[in-house]
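# Chains, contacts and geometry: an overview
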Amino acid sequence: MANIRPVGDRVVVKPAAKEEVTKSGIVIPDTAKEKPQEGTVIAVGSGRLLDNGDRAPIQVKEGDRVLFAKYGGTEFKLEGEEYLVLKESDILAIIG
Amino acid sequence: MANIRPVGDRVVVKPAAKEEVTKSGIVIPDTAKEKPQEGTVIAVGSGRLLDNGDRAPIQVKEGDRVLFAKYGGTEFKLEGEEYLVLKESDILAIIG
Amino acid sequence: MANIRPVGDRVVVKPAAKEEVTKSGIVIPDTAKEKPQEGTVIAVGSGRLLDNGDRAPIQVKEGDRVLFAKYGGTEFKLEGEEYLVLKESDILAIIG
Amino acid sequence: MANIRPVGDRVVVKPAAKEEVTKSGIVIPDTAKEKPQEGTVIAVGSGRLLDNGDRAPIQVKEGDRVLFAKYGGTEFKLEGEEYLVLKESDILAIIG
Amino acid sequence: MANIRPVGDRVVVKPAAKEEVTKSGIVIPDTAKEKPQEGTVIAVGSGRLLDNGDRAPIQVKEGDRVLFAKYGGTEFKLEGEEYLVLKESDILAIIG
Amino acid sequence: MANIRPVGDRVVVKPAAKEEVTKSGIVIPDTAKEKPQEGTVIAVGSGRLLDNGDRAPIQVKEGDRVLFAKYGGTEFKLEGEEYLVLKESDILAIIG
Amino acid sequence: MANIRPVGDRVVVKPAAKEEVTKSGIVIPDTAKEKPQEGTVIAVGSGRLLDNGDRAPIQVKEGDRVLFAKYGGTEFKLEGEEYLVLKESDILAIIG
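Residues numbered from 1 in each chain as written. Chains lettered and ligands numbered in written order. Predicted model: local features only at pLDDT ≥ 70, side-chain atom pairs only at ≥ 80, totals over all residues. Heavy atoms only, no water.

Going by the annotation in an unreviewed UniProt entry, the name recorded for chain A is Co-chaperonin GroES, with Thermosporothrix hazakensis given as the source organism. Regarding chain A, the relevant UniProt record gives this comment under Sequence similarities (unreviewed entry): "Belongs to the GroES chaperonin family." (UniProt positions renumbered as here; feature names shortened; annotations may be inferred.)

So this is what it looks like as structure tokens:
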């Protein structure tokens, strides 16, 4: 999916299917107030704009397995697959 | 449409018609909380003002096919065509 | 109207009458969530104050035909004519 | 009224009486959402504190006839006269 | 009252008694939306922290007669006297 | 209580018992909108992070008797004693 | 649990079980408005992004016993164990 280039501090993520999540060992408790979600980074933007005009490189890269805050992302579908555009700050951690 | 020049960090976008969207392969699920929209960049401003007085160049350019957050843009019509003025930060990704 | 000098990042605009708007070709759809308005820049302030104490010059100039966000401006009348004082950030685009 | 010295980015203004406003030619429409008011600058503070510790000089001076946003100011009376302490950012424009 | 040292951008003020206010000539109209109050500065902190780690000296000094925004201050009593701890930004003007 | 080290701009305070407060002479009126509280600083963090990466040293030190805004602190008990973790900005003044 | 790497200013914490908390001596009163929680730092991110593009190192390290604000963290389970991803600013103090 090289044909989606996120802008600025945004990241495109493919959410993991349920069976994949089971394999990784991560479980999101039903009682969690803010439920995170697992997924794979597909593409990253040029990074957040700093006050001096530079861009701060995004701290995840294509292929990284990540835990992200579902809230705030924007969903879209391409060739039958579901994706999310998130802000880098919605990525909580890299798994594995 | 060279006669609309967005100011500062603003971008003018022509939203894609429904049949165009089908061709590109991007589908916005009906269940999406914040529905993005596809379109083409028509014109870009001089960029966001930095603390040192410089302008940060806008990261999309005329002709770019983009996915944008519909919310927050301002609609207008020129010669029978519908356009939107958006902030650069409402542009999520460049497609293709 | 040389006798109104906006302060800082403010701009004085004379809203276009309805018949003028028709000529320019810009139409604001009735369904638009945030309706912009057309007008002519009458006077501009010295610009937004930067962190280093400089002023960032305002990006529109006297005589510019502009599209602006109506919301937030302050109306006043001078010699029977209606004007608005806006912040530069309420100016969306320069027309023509 | 040399005995009121505003602090920082504050300005003391004497609101114009109704008959004075009529002379200046400025009229505030009854339908205006945010009604501005006319007045005369009586005293100005040392200016807004910048990140580097300097003060940005206030852009209006004693004696300036100004249009200001009524909302946010603080009223007081001295020797039977009514005054307002405003922030510099509540001053919209200098008249005349 | 040398035994109260305000921290950072805070100021300790002794509110003026009603009879003192009458003498100074300042009157706060009953109709004022945000009623200011008169008082005397008792002690000042080391000033607001700047981005570079310096402190911006507070613009009022011990003994200054001031007009302040009552809202936001914190009341306390010491040896039977009533005082207020305010932020420097709640001080509107120096009187006299 | 050397075994609690606050992080960043946080401070640990031991609230004064009622009889101690009486001795110090400070009285918090029942009618006070935002009631402050007296206490003793037990430990301080390394200070607020500045934009340049330095830390601004905290302006109170272990043993200082302080007046603090109760609101916002977090209570905990250690060895039967009650403590509060506060932000430095919740400390209003040093007493004595 | 070396296979969870928090991003930016985030920290992974393993909340302490109830019996452990009893041993440490810290007690959270039932009446506390904002109840903190005890736990052990498992992994830390690269730190908060500064305006100049540097990262400010996180002030806690793997193995630190910490008191943290429960509110705002994101829960997940890995290999049957419960963890939280927090922002560094949710860590109140280091214990012991």
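What follows continues from the structure just given.
What follows is about the overall build of chain A. A tally of helices and strands in chain A yields 1 helix and 10 strands. The linear arrangement of helices and strands in chain A, starting from the amino end, is β-β-α-β-β-β-β-β-β-β-β. Here chain A holds 96 residues, and 53% of them are scored as buried. Across chain A, contacts joining residues at least 24 apart in sequence account for 66% of those joining residues at least 6 apart. Accessible surface computed for chain A: about 4,500 Å², of which carbon and sulfur atoms make up 48%. (Helix = DSSP H or I, 4+ residues; strand = E, 2+ residues; numbered from the N terminus. Buried < 20%, exposed > 50% of the residue type's maximum accessible area, 1.4 Å probe, protein only. Contact = heavy atoms within 4.5 Å. Areas by Shrake-Rupley, 256 points an atom, 1.4 Å probe, with all protein chains shown as cover.)

Taken residue by residue, the interface counts 24 residues in chain G and 27 residues in chain A. Interface of chain G and chain A: buried area, both sides summed, is about 2,100 Å²; carbon and sulfur atoms make up 54% of it. In this structure, the connection of chain G to chain A is made through 0 salt bridges. At the junction of chain G and chain A, the tally comes to 8 residue pairs in polar contact (both at pLDDT 80 or more). Of all the elements in the fold, those that place two or more residues in the side of chain G that touches chain A are strand E1 (4–6) and strand E8 (74–78) of chain G. Residues of the side of chain G that touches chain A, tallied by class, amount to 9 nonpolar, 7 polar and 8 charged. Inspection of the sheet shows strand E10 (residues 91–95) of chain A paired to E1(G) by 3 bridges, in the antiparallel sense. If you follow A:Ile94 over to E1(G), its bridge partner there is G:Arg5. (Buried area = accessible area lost by both parts, 1.4 Å probe. Salt bridge = Lys/Arg side-chain N within 4 Å of Asp/Glu carboxyl O. Polar contact = N/O pair within 3.5 Å; in protein donor to acceptor, adjacent residues only side chain to side chain. Nonpolar A, V, L, I, M, F, W, Y, C, P; charged D, E, K, R; others polar. Pairing = 2+ DSSP bridges.)

Between the two copies of the chain lies a rotation about an axis combined with a shift along it. With an axial shift of 0.0 Å and an RMSD of 0.0 Å, the rotation relating chain G to chain A amounts to 51 degrees. Taken as a fraction of all interface residues of chain G, those also at the interface in chain A reach only 12%, which identifies the copy contact as different-surface. (Least-squares fit on C-alpha atoms with pLDDT ≥ 70 in both.)

Moving on, we come to the relation of the copies chain A and chain B. For the pair chain A and chain B, the relating rotation is 51 degrees, the translation along its axis is 0.0 Å, and the fit reaches an RMSD of 0.0 Å. Comparing interface residues between copies, only 12% of those in chain A also lie at the interface in chain B; the contact surfaces differ.

All names here are of chain E. Using the criterion set out here, one finds 21 salt bridges over all chains in the structure. For the salt bridge of Lys 61 with Asp 64, the shortest nitrogen-to-oxygen distance reads 3.2 Å. Overall, the relative accessible area of 54% leaves Lys 61 in the exposed class.

Glancing now at the pairing of strand E2 (residues 10–15) of chain F. Residues and elements named next belong to chain F. A large share of E2 lies buried, amounting to 5 of its 6 residues. The pairing of E2 with strand E9 (residues 81–87) spans 4 bridges and is antiparallel. Bridging across to E9, Val 11 finds its partner in Leu 86.

Reading across from one edge, E3(A)-E8(G)-E9(G)-E2(G)-E4(G)-E7(G)-E10(G)-E1(F) is the order of the 8 strands in this open sheet, with antiparallel pairing throughout. Both outer strands of the open sheet, strand E3 (26–27) of chain A together with strand E1 (4–6) of chain F, are each paired with one neighbouring strand and no more.

On to the interface of chain A and chain B. With 24 residues of chain A at the contact, the number on the chain B side is 27 residues. The junction of chain A with chain B conceals about 2,100 Å² of combined surface from both sides, 54% of it contributed by carbon and sulfur atoms. Summed over the three residues of chain A that lose the most area to chain B, namely A:Arg5, A:Val7 and A:Glu75, the buried surface amounts to 27% of that side. Linking chain A to chain B there are 0 salt bridges. In this structure, the connection of chain A to chain B is made through 8 residue pairs in polar contact (both at pLDDT 80 or more). Contributing elements (two or more residues each) for the side of chain A that touches chain B: strand E1 (4–6) and strand E8 (74–78) of chain A. Here the element with the most residues in the side of chain A that touches chain B is E8(A); it accounts for 5 residues. Here the side of chain A that touches chain B is built from residues that sort into 9 nonpolar, 7 polar and 8 charged.

What follows is about the sheet that holds strand E4 (residues 36–44) of chain C. One open sheet holds the 8 strands; their spatial order is E1(B)-E10(C)-E7(C)-E4(C)-E2(C)-E9(C)-E8(C)-E3(D), and the pairing between them is antiparallel. Both edges of this open sheet fall to strand E1 (4–6) of chain B together with strand E3 (26–27) of chain D, since each of them pairs with a single strand only.

Glancing now at the pairing of strand E7 (residues 65–69) of chain A. Residue and element names in this part refer to chain A. Here E7 lies mainly inside the structure; 5 of its 5 residues are buried. Burial of E7 is two-sided: the residues Arg 65, Leu 67 and Ala 69 facing one way and the residues Val 66 and Phe 68 facing the other way are all buried. As paired elements, strand E4 (residues 36–44) and E7 share 5 bridges and run antiparallel to each other. If you follow Glu 38 over to E7, its bridge partner there is Leu 67. Where E7 and E10 come together, 3 bridges link them in antiparallel fashion. Its bridge partner lying in E10, Phe 68 is registered against Ile 91.

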